[in-house]
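Results of the structural survey
Residue strings, one per chain:
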Amino acid sequence: MPSYVIALLFLTSLAQAPRREDSRYHQTIERVLALLPERPAQVVIVDPDQAGAEIRGTLLRMEAFITKGGRVVYLTSHGEALQGALKGWSLHEYILASIIWHEMAHIHGADEVEAQRREEALWIRYVMDERVDPGDGMRYLSGLKSRRSKDTKVQPGDAVLTLKGPLMTAAIAVIGPTAPLSKR
Ligand SMILES: [Zn+2]
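Now for a quick tour of the structure. (Residues numbered from 1 in each chain as written. Predicted model: local features only at pLDDT ≥ 70, side-chain atom pairs only at ≥ 80, totals over all residues.)

In this sheet, strand β3 (residues 72-76) lies alongside strand β2 (residues 64-67) in antiparallel orientation, the contact comprising two bridges. For A64, the partnering residue across the bridge sits in β3 and is L75. (Pairing = 2+ DSSP bridges. Helix = DSSP H or I, 4+ residues; strand = E, 2+ residues; numbered from the N terminus.)

Another aspect to go through is the pairing of strand β1 (residues 42-46). Remember that side chains alternate between the two faces of the sheet whenever the strand is regular. Judged by how many residues are buried, β1 sits mostly within the fold: four of five residues are covered. Across five bridges, the pairing between β1 and β3 is parallel. Within β3, the position partnered with V46 by the bridge is T76. Inspection of the sheet shows β1 paired to strand β5 (residues 171-175) by four bridges, in the antiparallel sense. Its bridge partner being in β5, V46 is matched across the sheet by A171. (Buried ≥ 20, exposed ≤ 12 C-beta atoms within 10 Å, placed from the backbone.)

In this section: the environment of V132. Along the chain, the position of V132 falls in the loop between α5 (112-128) and α6 (134-149). For the pair formed by V132 and H92, sequence separation is 40 residues and the distance between their alpha carbons is 9.8 Å. Each residue touching V132, except ones within four places of it in the same chain, is listed here: L91, Y94, Y126, V127 and G137. (Contact = placed C-beta atoms within 7 Å.)

Looking now at unusual backbone geometry. The phi dihedral of E130 falls on the positive side, at around 55 degrees, and the residue is not glycine. Mapped onto the secondary structure, E130 falls in the loop between α5 and α6.

Here I124 lies in helix α5. Spatially, the C-alpha atoms of I124 and G137 are 8.0 Å apart, while their sequence positions differ by 13 residues.

For helix α4 (residues 90-107), spanning 18 residues, the distance from its first C-alpha to its last is 26 Å, which sits close to the expected 26 Å at 1.5 Å a residue. Within α4, 15 of the 18 residues are buried, which leaves it mostly tucked inside the rest of the structure. Downstream of α4 by a residue or two, G109 has a phi angle that is positive, lying close to 100 degrees. (Expected span 1.5 Å × (residues − 1).)

Packing of α4 against α5 leaves a shortest axis separation of 8 Å and a crossing angle of 145 degrees. When the axes of α4 and α5 are compared, the crossing they make is right-handed. Listed contacts from α5 to Y94, S98, W101, H102, A105 and H106 of α4 are E114, A115, Q116, R118, E119, L122, W123 and Y126. Its residues assigned to classes, the contact of α4 with α5 shows seven nonpolar, four polar and three charged. (Axes fitted to C-alpha atoms, helices over the stretch in contact; angles between N-to-C directions. Left-handed = near helix turned anticlockwise from the far one by under 90°. Nonpolar A, V, L, I, M, F, W, Y, C, P; charged D, E, K, R; others polar.)

Written out as structure tokens, the structure is:
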């Protein structure tokens, strides 16, 4: 086989690799969004390693976040819930759904306390409807509730980022009914 054909095949497989990865995220996130009472406008998965150094540290500490005034729910690719959901673990899919629900509450104007309340309310519904294992469900719920009991200062598990530009370069999958965001 001429070497250029091999080179071409190699290039083609390189070009397809991210797309396969992308569809894996799509299938997983679609499964997770089906667990929500309502869909977010858009979900974008970002890889902290591909983000600018100035926000990488912040992204590595978070599973999910939104940007100020934005309508997109961002998930970080290393997040524990997302990683479990990608493996098809049901509990993690429900946890990820409730995390997305928390971010959607922020998008609708909720402060941290209110976002946590809505996240817990959805989780309680999953437990009551026996969609998650009762033992796992109650354990996770007590973890959620313990966020508030520490002191009056809320421990944020997420953040509202004011950055816009450098973030989209780190996007590895865009899921939503709307067209993918153009780079700004
Ligand atoms: Zn929050």
